[in-house]
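Structure at a glance
What follows is each chain in one-letter form.
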Amino acid sequence: MTIISDNNLEIKSEKKRNANIKAEHIEYDKTFENSIRPKNFDDYIGQSELKETLKVILEAAKMRQEPLDHMLFYGPPGLGKTTIAGVIASQMGVDIKITSAPALERPRDIIGILMTLKGGEILFIDEIHRLNKVAEEILYPAMEDYTLDMTTGKSQTAKTLRVPLPKFTLIGATTKAGELSGPLRDRFGVIHRLQFYTTDELAQVITRTAKILNIKITQEGAIAIARRSRGTPRIANRLVKRVADFAIVKYNGIIDDDVANESLNILKIDEYGLDTTDRALLKLIMEKYNGGPVGIETLAAALSEDVRTLEDVCEPYLLQAGLLQRTPRGRKASPEAYRHFGEKVPPEQKSIFENQDI
Ligand code: ADE
């Protein structure tokens, strides 16, 4: 008898414990996020183009006394996809039911939710690109004709039962619009990509959050945190809380420019807002793979990170900041990445224009 199984058990329970800790964090984050979430368009900062479009759509639906078109919001995590869905619901004066595709594993999960919806209500499905084929096929007639097609019995005795549903609105959110099937995508009347926030917009988000949480912050302090928040309000809101802890414990309780910058340096968030994982990713490409190209699986294995975390969380901002490049043969560190780390750009990584001394 070997003791491998005992070891396995230990690893499993350790993993389970970590999963529980993670779940608690997510729960905690969700409570925190909910407490500071804007409830109407006036309080919702940024995404101005989307806001203006939505105001018209909502007004028209109210005038026609019709439910809203189904909507799909996509873009990197933390840009406010759930938040905007909540704002839409409260502006329409309707309830919103929030779920995510991985929670809709069995047909009865999606059927159960659809059957409890009331007229005008909003069903929000996060990570909608992860919906399985069966759930997707249940959604097609539900979205198109507000009907639920249920099959009872087997093969020759099978019967399809058509159940009418109240007129509801589906709001889907995804970080990967490209992974949505064509037929599902075609059933959304509104499709919108959420944009990264400007420093000024993030400073406004930070000031608003600080006010709600009774955190003292100067305009300069808000801008300093905003600059390192990777264009993402979720990150800005987390950082303002972390910096507030430093301000209380180590300084005079007020977040100004110096307190913000010194605290963020201690937290290892650099001037670009890059954290330890982002920097490790870029350094790995630069130092071990001569600037790339290198495949994402190789990078994930070397960093002991999940491919999905790298693709969904790290990469969107690194790409947008021009530090990382995606090529058909893999990821490359850009000349800007070398400059960011104060290193010389290898000649083979310079663009043709730079090499020509124009
Ligand atoms: N908190 C998170 N996102 C926000 C936004 N867009 N406006 C105001 N507060 C927010």
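Heads up: the structure comes first, above all this text.
Worth saying up front: this structure is predicted, and the values here are computed from it rather than measured.

The rules behind these values
Going along each chain's sequence as written, the residues are numbered from 1 onward. Local features in a predicted model are, by the rule used here, given only for residues with pLDDT of at least 70; side-chain atom pairs are given and counted only at 80 or more, and totals for whole chains, interfaces and linings are based on all residues. Neither water nor hydrogens contribute to the side-chain values; these are computed over all heavy atoms in the structure. Secondary structure elements are taken from DSSP: a helix is a run of H or I of four residues or more, a strand is a run of E of two residues or more, and numbering for both begins at the N terminus. Three labels apply to residues, based on accessible area from a 1.4 Å probe with only protein chains included: buried if under 20% of the type maximum, exposed if over 50%, partly exposed otherwise in between. Should any heavy atoms of two residues lie within 4.5 Å, those residues are counted as being in contact. Computed with a 1.4 Å probe, the accessible areas rest on the Shrake-Rupley method; for each residue, only the protein chains presented here act as cover. Residue proximity to a molecule or strand is established when one non-hydrogen atom of the residue lies within 4 Å of it. Three residue categories are used. Nonpolar comprises Ala, Val, Leu, Ile, Met, Phe, Trp, Tyr, Cys and Pro, charged comprises Asp, Glu, Lys and Arg, and polar comprises the others, including Gly. Two rings from Phe, Tyr or Trp (for Trp, the six-membered ring) form a pair when their centres are within 6.5 Å of each other. A pair whose planes differ by under 30 degrees is stacked, one over 60 is edge-to-face, and the rest are tilted. Lysine and arginine charges are scored as sitting over a ring when NZ or CZ, respectively, is within 6 Å of the ring centre and within 35 degrees of the ring normal.

Within the chain, the secondary structure is distributed over 15 helices and eleven strands. Counting across all 358 residues of the chain, residues that qualify as buried make up 42%. Taking all contacts inside the chain whose residues are at least 6 apart in sequence as the whole, residues at least 24 apart take part in 68%. Of the accessible surface of the chain, which amounts to about 19900 Å², a share of 51% is contributed by carbon and sulfur atoms.

Next up on the list: the site of the ligand. As a matter of local geometry, the ligand sits amid P38, D43, Y44, I45, Y197, V205, R208, P233 and N237. Compared with its free state, where it exposes 260 Å², the ligand has 94% of that area covered by protein. Listed by contribution, the elements that provide at least two residues to the shell around the ligand are helix 7 (199–212) and helix 9 (233–250). Along the lines of polarity and charge, the residues of the shell around the ligand split into six nonpolar, one polar and two charged.

As a further point, take the packing of aromatic side chains. Scanning all chains against the criterion turns up two aromatic pairs. Geometrically, the ring pair formed by Y146 and F168 is edge-to-face, given 5.9 Å between the ring centres and 80° between the ring planes. One end of the pair, Y146, is in the loop between helix 5 (133–145) and strand 4 (147–152); the other, F168, is in the loop between strand 5 (159–164) and strand 6 (169–174), and 22 residues separate them in sequence. For F168, a relative accessible area of 0% gives the class buried. Ring geometry for F196 against Y317: centres 5.8 Å apart, planes inclined by 75°, an arrangement best described as edge-to-face. Separated by 121 residues along the polypeptide, F196 in the loop between strand 7 (190–193) and helix 7 and Y317 in helix 13 (residues 307–320) bring together distant segments of the chain. Note on accessibility: F196 and Y317 belong to one class, buried. One Lys or Arg, R187, reaches over the ring of Y140 and ends 4.1 Å from the middle of that ring.

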